[in-house]
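Single-letter residue listing:
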Amino acid sequence: MKIPKILLCLVMVATSLSSPSHADEVEDAEKAELAKQEAFRSGFEAIVDDLNYGSFDSFIAAIDQRHMVDRIFGLRLIDQKIKKRFNERLEYSYEGMITSAFVVPEEGMKATLLGVESRGDLGRAVVRYDLPKQQFNYHEYDLRLDKRGRVEIVDWTDFLRGLTFSEGIGRSMVMGAPSVPAMRKLLDFSNVRESDLFQFGELLKAARDRRLDRYLEIRDAMEPRFQRQRIVVETSVQVAKQTRKRRQMIAALQIMAEHFPDDPLYSLMLLDYYFPSREYEKALQALQRLSDRLDFDDAAMEARLSAAALVMGNGQDAAAYAEMALAREPGLELAWWSALNARAAMADFAGCVDALRRLEADFGYELGPEALQKNPAYAQLLQSTEFEAWRASGQ
């Protein structure tokens, strides 16, 4: 039966009045998404603020302990006795396990939240941690909202280690008692002789015990395909760091640069090889790869890019990066040093004096001729009328 047009129109009107429109549904969904984004932003900001106050309480509370343990165990073939011991001690060791993943300078934690992004119940955040001697580390956090809308830290990547937190702990547990199946799982090839696996096991035990000389002796006697395995390359760097053997660490980083030059996970670590080796172009590329991976603006990154550009002889780019760093974070000491050096290279002596004034006033330096003449890059600055006028003014 054919429905009259007028009746069909009345039905459509009634339907539109009795149910929300598609536009209303879209608006509600957008509001819900914005609310979740705000929950991620404000929740993680509060966690970072607590870190800067010297407290890990909010950070630890944001981690689902059972879920983190499951991530640590994962599909790793960890010795059952080690698993049992880990679970038995967890009540007393859990907080220390979390806090040991952080380097806390004597003057206290300085954490800068670079950004938070999210979609639905999943989020991501990046935090810069200031270290002594104008060095920095970065953590990339995987986040989610729990059923009550609170931020939960799922895991995080530490770029000075090139590992997630759970991977680092899980790997150390495998090294505690490396079984043949567990060792096979760590390798990316399958045709392994028993004698090679025995040697690999001895390597892991030497790493576990931080016996660097023994570790290097075993590694250097292994087949090349073992030496270039990711776990071996990473562990070589980490054991050298743990034992504070800088020469061996640089050598291990050179191997890392040979086999994994383009991996942003290693970019921050590789700077300790590229700069001393004067491979400035590679250092600049590594910084750019890391910046792309983090995907949030960062004044410290721009200050370091400025330094890399300057040693390559590109004063204009160095000055541009330094000015971006200052505009983004005027209170960052490294940004002022980068600005001073770039301005000196560009003969902007008035700008140099401004940087010197800020470094003295805000960071407690005494930057008279005696201090500056040690650096040949400041020779023209010291002879400039701008510098002489500043020193004569006593300001």
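These figures come from a predicted structure and were not determined experimentally. (Residues numbered from 1 in each chain as written. Predicted model: local features only at pLDDT ≥ 70, side-chain atom pairs only at ≥ 80, totals over all residues. Heavy atoms only, no water.)

A. The sheet that holds strand β2 (residues 122-131), seen in detail. Spatial strand order, β1-β2-β3-β4-β5: five strands in an open sheet with antiparallel pairing. Looking at which strands have only one partner, the edges of the open sheet turn out to be β1 (111-119) and β5 (163-164). Bridge count between strand β4 (residues 151-158) and β5: two bridges; the pairing is antiparallel. Bridge assignment links aspartate 158 to a residue of β5, and that residue is leucine 163. Those strands touched by helix α4 (residues 65-73) are β3 (135-145) and β4, and its axis lies near 30° from that of β4. Those strands touched by helix α15 (residues 299-311) are β2 and β3, and its axis lies near 145° from that of β3. (Pairing = 2+ DSSP bridges. Helix = DSSP H or I, 4+ residues; strand = E, 2+ residues; numbered from the N terminus. Contact = heavy atoms within 4.5 Å. Axes fitted to C-alpha atoms, helices over the stretch in contact; angles between N-to-C directions.)

B. Spotlight on the nonpolar core. Counting 84 residues, the largest nonpolar core has Tyr138, Phe200, Leu253, Met256, Leu340, Leu356 and Leu381 as the members making the most contacts within it. Tallying contributions element by element places helix α17 (residues 333-345) first for this core, with eight residues. Beyond its immediate sequence surroundings of up to four residues, methionine 256 is in contact with Val233, Glu234, Val237, Pro261, Tyr266, Met269 and Leu270. In this structure, Phe40, Val127, Tyr129 and Tyr141 belong to the second largest nonpolar core, which totals 38 residues. (Core = buried A, V, L, I, M, F, W, Y, C linked by side-chain atoms within 4.5 Å. Buried < 20%, exposed > 50% of the residue type's maximum accessible area, 1.4 Å probe, protein only.)

C. Just the pairing of β1, in detail. For β1 and β2, the ladder comprises eight bridges, and the chain directions are antiparallel. Opposite alanine 111, over in β2, you have tyrosine 129 as the bridge partner. Following β1, the chain reverses through two residues before pairing antiparallel with β2; glycine 120 in that reversal takes a positive phi of roughly 65°.

D. Geometry of unusual backbone geometry. Non-glycine residue arginine 210 carries a positive phi angle of around 55°. Its location among the elements puts arginine 210 in the loop between α8 (194-208) and α9 (212-221).

E. Geometry of the side chain of arginine 225. For arginine 225, the position within the fold is in helix α10 (residues 224-227). At 2.9 Å, the side chain of arginine 225 forms a polar contact with the backbone oxygen of asparagine 191. Excluding residues within four positions of it along the chain, arginine 225 makes contact with Phe189, Asn191, Val192 and Asp196. (Polar contact = N/O pair within 3.5 Å; in protein donor to acceptor, adjacent residues only side chain to side chain.)

F. Representation of α17. With 13 residues, α17 extends 19 Å from end C-alpha to end C-alpha; this agrees with the ideal 18 Å at 1.5 Å per step. Along α17, 11 of the 13 residues are buried, which leaves the element largely enclosed by surrounding structure. Among the residues making up α17, those that are buried are Glu333, Leu334, Ala335, Trp336, Trp337, Ser338, Ala339, Leu340, Ala342, Arg343 and Ala344. Where the residues of α17 are buried, they touch β3, α15, α16 (315-328), α18 (349-363) and α20 (379-383). Where α17 ends, the next residue or the one after it, alanine 347, has phi of about 60°, a positive value. (Expected span 1.5 Å × (residues − 1).)

G. Broad picture of the pattern of salt bridges. Tallied over the full model, the rule gives 34 salt bridges. Where glutamate 167 meets arginine 76, a salt bridge forms, and the shortest distance between an N and an O atom there is 2.5 Å. Within this pair, whereas glutamate 167 is found in helix α6 (residues 165-176), its partner arginine 76 is found in the loop between α4 and α5 (80-99), the two being separated by 91 residues in sequence. Given a relative accessible area of 21%, glutamate 167 falls into the partly exposed group. Notably, a salt bridge pairs glutamate 234 with arginine 171, separated by 2.6 Å at the nearest N-O pair. Placement of glutamate 234 in helix α11 (residues 230-242) and of arginine 171 in helix α6 is noted, with a sequence separation of 63 residues between them. What makes glutamate 234 buried here is its relative accessible area of 5%. For arginine 171, a relative accessible area of 12% gives the class buried. Members of the salt-bridge network, linked through shared partners, are Lys110, Arg128, Asp130, Asp298 and Glu329. (Salt bridge = Lys/Arg side-chain N within 4 Å of Asp/Glu carboxyl O.)

H. Main features of the side chain of glutamate 329. Tracing the sequence through the fold places glutamate 329 in the loop between α16 and α17. Those residues within four positions of glutamate 329 in sequence are excluded, and the remaining contacts are Thr112, Arg128, Ala299 and Ala335.

I. Representation of helix α12 (residues 246-259) in the model. With 14 residues, α12 should reach 20 Å at 1.5 Å per residue; the first-to-last C-alpha distance of 20 Å fits that figure. The set of residues buried in α12 consists of Gln248, Met249, Ile250, Ala252, Leu253, Met256 and Ala257. In the core, the buried residues of α12 are packed alongside α9, α11 and α13 (267-274).

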